[in-house]
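The chain contents come next:
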Amino acid sequence: MTCNPHRVSRVHAPHRTALAACLCLVLQATAAATGKGAGTFLVTSAADAGPGSLRQAILDANGAGGGTVAFAIDDDCLIVIAPLTPLPTVTVPLVIDGLTQSGSSPNTSTLAYDAQHCIVLNSNISHALRLEPPAGTTITVRGLGFDNFNTAAIEVEGAGAAHIEGNGFGGGFTALFNGFATSAIRVVDAPGTVIGGDTPAQRNVVGNALGAGIFLGLGGPRTVRNNLVGIGVSGFSNIGNNVGIDLVDAYGTLIEGNSIGHNDSFGVRVAMPTFSRASAAKGGPEFYNRIVGNLIGYSPVPNGSSRDAGNTTNGIRLTSGANIQVLDNTIAFSTNDGLNAQAAVQAARISGNRFLRNGDQAIDLNPNGVDPQDEDTVPGPGANGTQNYPELDSAVGDALAGTVRGSLTTRSGDYTVEFYSNAACDSTGHGEAENFVGAIDVNVPFAPIPPGDKTVDFVAPVQAGDGESLAGGVIVALAHDASGNTSELSACVAYTDTSLFADGFE
Ligand SMILES: [Ca+2]
Ligand SMILES: [Ca+2]
Ligand SMILES: [Ca+2]
């Protein structure tokens, strides 16, 4: 049993709204009694308004308190809906499901995007959809294509959550293709919002926005997972936004498992609000913004190789905030620095990432350029207190495993030193960080080190990953304190392969 007021309204009559509502109540009561849930509002016309239109379906759903908007337009793919004004704000728990249109199908690819979007919204107006989910409820938008809106294709603002999954934004899904004047997706507040999801079917493609592809404003927590951002349906083509994912006063954000490339300024930019910086500094992980396990500027292709999908300027730009977690990403082919942290950033933990082929430094803490080492007796000015990086003296072993000797000069406390191998040293002389090869904990004691001498020597094992070799390359290291304040990368030390000597310099 479904609740379908617009079909009732087709009967016409001046009282159709009342009649529809009345019948709908009866039908919903029946549905509730049979446990089948809220009603379905069917879209049977691509017209901007009137019976069977998407606009009418949303009006009816709002009036009925929620349900599902499904599509059954009697036409072949591709069907363009061009709203003349923004569609009615959705204010009820609702699923708008483009996959219900015959011919539509979800993405099945892990590296690319093969979804078929038969319903595409395309109009040169401020926005297509505005979602205002009430507290404790979710509004889902699934399986639609979007092009050519000025503020955002989808705006979200409310106390409840939005799930935006399996949609194509600016990916060339219509013949008349213009991208977005500002953002594709714009979210303010709306805690619990998820853009993308765990499965290939939930992946969105987000591109060709002149502002941010995904803009997350004040509020949190929210998740952006497993999307292609600035990367087209092939999995490597260029549909760059200006900024891929832009966090402006967002907190508690998880950006995980996305491919983010070809964006014209930054792949990801983070500017945290003052209040959450203060709270996060007190240790509240609910405020942390986390960037985990993304491919940034680096597109794997099905034959096992990869392509340059570099973001112009930086893969990641950290503008302000505390306790930002940058973990286990690959950050490559940026025009300038791979990760650039501005002076207001503190306790940014940068750990387990691969950096390769970035035009300038892999990690650049402000001030710009490789930071000079100092005594680190107090946190210096600049990002992460300008935490000193380790000094490496030697790296020796065979192709698979060896020993690195070096030192760290810094304040008393607990530190972790991470080691990375590279085929060759970066042009900056520091980094980059192609393969993680080991880590050790280092303690700089309070005593009996004499004042002014805070240097601790270390000897650390390093080991090549599966199928990799340390021979002929260089080793670099970074250090971070217990709060996450992470250094730039050290100068390179050549790796001496003793197996060559054993074999007589063959
Ligand atoms: Ca470089
Ligand atoms: Ca620097
Ligand atoms: Ca320093």
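Every value quoted in this text rests on a predicted model; they were computed, and no experiment measured them.

Draft legend 1. Highlighting the coordination of the calcium ion (ligand 2). Protein-derived coordination of the calcium ion (ligand 2) comes from D364 (OD), L365 (O), P367 (O), G369 (O), D371 (OD) and E488 (OE), at a distance range of 2.1 to 2.3 Å. Around the calcium ion (ligand 2), the six donor atoms are arranged such that angles at the metal cover 69 to 175 degrees; this shape is classified as octahedral. Mapped onto the sequence, the residues coordinating the calcium ion (ligand 2) show the spacing D-L-x1-P-x1-G-x1-D-x116-E. Of the two residues, D371 is situated in the loop between β32 (363-365) and β33 (391-397) and E488 in the loop between β38 (474-481) and β39 (493-497); the sequence distance between them amounts to 117 residues. There is no split in this pair, since D371 and E488 are both buried.

Draft legend 2. Region of interest: the pattern of salt bridges. The tally for this structure, following the rule as stated, stands at nine salt bridges. Of the charged contacts in the structure, one is a salt bridge between R130 and E155, with a shortest N-O distance of 2.8 Å. Note that R130 is positioned in strand β6 (residues 127-131) and E155 in strand β9 (residues 152-158), a separation of 25 residues in sequence. Of the residues examined, R130 reaches a relative accessible area of 18% and is grouped as buried. Salt-bridge contacts for R269 lead to D246; the nearest nitrogen and oxygen are separated by 2.9 Å.

Draft legend 3. Structural detail: the nonpolar core. By size, the foremost hydrophobic cluster in this structure holds 76 residues, and its most contacted members are F71, F146, I154, F169 and L318. In terms of residue count, helix α3 (residues 54-64) provides more of this core than any other element does, five residues in total. Leave out the neighbours within four places in its chain, and L318 touches V270, I324, V326, L339, N340, A341, Q342, V345 and A348. Among the nonpolar cores identified, the runner-up in size contains 22 residues, and Y415, V437, I440 and A460 belong to it.

About the cut-offs
Residues numbered from 1 in each chain as written. Chains lettered and ligands numbered in written order. Predicted model: local features only at pLDDT ≥ 70, side-chain atom pairs only at ≥ 80, totals over all residues. Heavy atoms only, no water. Donors = N, O, S within 2.8 Å, 3.2 Å for Na, K, Ca; no water. Tetrahedral: all angles 85-135°; square planar, octahedral: opposite > 155°, others 65-115°. Helix = DSSP H or I, 4+ residues; strand = E, 2+ residues; numbered from the N terminus. Buried < 20%, exposed > 50% of the residue type's maximum accessible area, 1.4 Å probe, protein only. Salt bridge = Lys/Arg side-chain N within 4 Å of Asp/Glu carboxyl O. Core = buried A, V, L, I, M, F, W, Y, C linked by side-chain atoms within 4.5 Å. Contact = heavy atoms within 4.5 Å.

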